[in-house]
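Chain and residue survey
As a plain string of letters, each chain reads:
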Amino acid sequence: GEYFKVTDHATYNVVYVDNGGDFEGGVSVVDGTGMVFDPDPLTSGTATYGDSGFVDGADATTPQLDAERFAVTLKDIEENGGTYTLRGPWAEVVDHEAPFNGLFSQASSAFNFDRSADAFEAVNTYYHIDASMRYLNVALGLTIEPFQYVGGVQFDPSGLSGADNSHYSPGSGRLAFGEGGVDDAEDSDVIHHELGHGLHDWVTSGALSQVNGLSEGIGDFWAQSYNRSVDSWTPS
Ligand SMILES: [Ca+2]
Ligand SMILES: [Ca+2]
Ligand SMILES: [Ca+2]
Ligand SMILES: [Ca+2]
Ligand SMILES: [Zn+2]
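What counts, and at which threshold
- Residues numbered from 1 in each chain as written.
- Chains lettered and ligands numbered in written order.
- Predicted model: local features only at pLDDT ≥ 70, side-chain atom pairs only at ≥ 80, totals over all residues.
- Heavy atoms only, no water.
- Helix = DSSP H or I, 4+ residues; strand = E, 2+ residues; numbered from the N terminus.
- Buried < 20%, exposed > 50% of the residue type's maximum accessible area, 1.4 Å probe, protein only.
- Contact = heavy atoms within 4.5 Å.
- Axes fitted to C-alpha atoms, helices over the stretch in contact; angles between N-to-C directions.
- Parallel < 35°, antiparallel > 145°, perpendicular 65-115°, else oblique.
- Left-handed = near helix turned anticlockwise from the far one by under 90°.
- Nonpolar A, V, L, I, M, F, W, Y, C, P; charged D, E, K, R; others polar.
- Pairing = 2+ DSSP bridges.
- Donors = N, O, S within 2.8 Å, 3.2 Å for Na, K, Ca; no water.
- Tetrahedral: all angles 85-135°; square planar, octahedral: opposite > 155°, others 65-115°.

Thoughts on the overall build of the protein
Looking only at helices and strands, one finds 5 helices and 10 strands in the protein. For the protein, buried positions account for 44% of its 236 residues. The long-range fraction of contacts in the protein, counting pairs at least 24 apart against all pairs at least 6 apart in sequence, stands at 62%.

Remarks on the packing of helix α4 (residues 188–203) against helix α5 (residues 214–229)
Viewed as axis vectors pointing N to C, α4 and α5 meet at an angle of 130 degrees, and their least axial separation amounts to 7 Å. Between α4 and α5, the crossing angle belongs to the class labelled oblique. The interaxial crossing formed by α4 with α5 has right-handed handedness. The residues of α5 that touch α4, namely those facing Ser188, Asp189, His192, His193, Leu195, Gly196, His197, Leu199 and His200, are Leu214, Ser215, Glu216, Ile218, Gly219, Asp220, Trp222, Ala223, Gln224, Tyr226 and Asn227. For the contact of α4 with α5, the residue count by class is 7 nonpolar, 10 polar and 3 charged.

Brief notes about the sheet that holds strand β9 (residues 166–169)
Reading across from one edge, β6-β8-β10-β9 is the order of the 4 strands in this open sheet, with mixed pairing throughout. The sheet is open, and its two borders are formed by β6 (91–93) and β9, each paired with just one other strand. When the angles between neighbouring strand axes are averaged without regard to direction, this sheet yields 20 degrees. Sheet topology note: the β6/strand β8 (residues 153–156) ladder contains 3 bridges and is parallel.

Comments concerning the coordination of the zinc ion (ligand 5)
Taken together, His193 (NE2), His197 (NE2) and Glu216 (OE) make up the full set of protein donors to the zinc ion (ligand 5), lying 2.0 to 2.1 Å away. All donors of the zinc ion (ligand 5) belong to a single chain; written as a sequence motif, their spacing is H-x3-H-x18-E. A residue pair is termed long-range when its members are at least 10 positions apart, and His197 in helix α4 and Glu216 in helix α5 qualify at 19 residues. Take His197: its relative accessible area is 6%, and that puts it in the buried class.

Details of the sheet that holds strand β4 (residues 69–80)
Reading across the sheet, the 4 strands line up as β5-β4-β3-β7 and stay open at both edges, with mixed pairing between neighbours. The open sheet has two edge strands with one neighbour each: β5 (83–85) and β7 (110–111). Bridge count between β4 and β5: 3 bridges; the pairing is antiparallel. Residue pairing across strands places Asn80 opposite Thr83, the latter belonging to β5.

Some thoughts on the coordination of the calcium ion (ligand 1)
Protein coordination at the calcium ion (ligand 1): the donors are Asp95 (OD), Glu97 (O), Pro99 (O), Asp156 (OD), Asp156 (OD) and Ser158 (O), at 2.3 to 2.6 Å from the metal. Angles of 51 to 168 degrees at the metal separate the 6 donor atoms of the calcium ion (ligand 1), which places the site in the irregular class. On the accessibility criterion, Pro99 (25% relative accessible area) is partly exposed.

Below, the structure written as structure tokens:
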């Protein structure tokens, strides 16, 4: 048989269920490591777009942008037969929109990339969504999670056929990020904005309202709230 993972968000436990057959290889939950922007390289670097090294350059990295990466723990990712995947109790990489770049699974728990690698956006998004969902559901003790599926928030770090846009899809409960211009999933402001649409949808049991831009405001609030929490927003 196979072990499969069941995530119980109510008690925040990851438990394993054996279906009773012979052991054929297991899934385990481990902490990985990764490099991310936090909240974004312009903010952490107190730079203005166009400063030396702080340009998109068609997704090239620079020493200045590399220096704005932070080493983080990627909590509770999945290990299966020596392959590590960004799939955890609060976030999960999926690949449901073009371009189809895969899941970035690899044979190491160290997901250390620079922004020129598509995997960087997957790591950056996993980290920020995971942290946001843990804050709401674990630290604050709320229950705000997707109702469209069981498990972590599903996101495609490279979607929308490469457009310079991102979205939350109420039908599927998934997030997707476009790579036009600066890749949207490199910027936690965009990640939190789109997650904010999801939070709005989930907390209202699918009654997300766009009246007078309500949901846009919730997304922007969530992004700016995060910026303030990491002390990068100064009240005027
Ligand atoms: Ca994709
Ligand atoms: Ca990139
Ligand atoms: Ca790009
Ligand atoms: Ca963009
Ligand atoms: Zn929006």
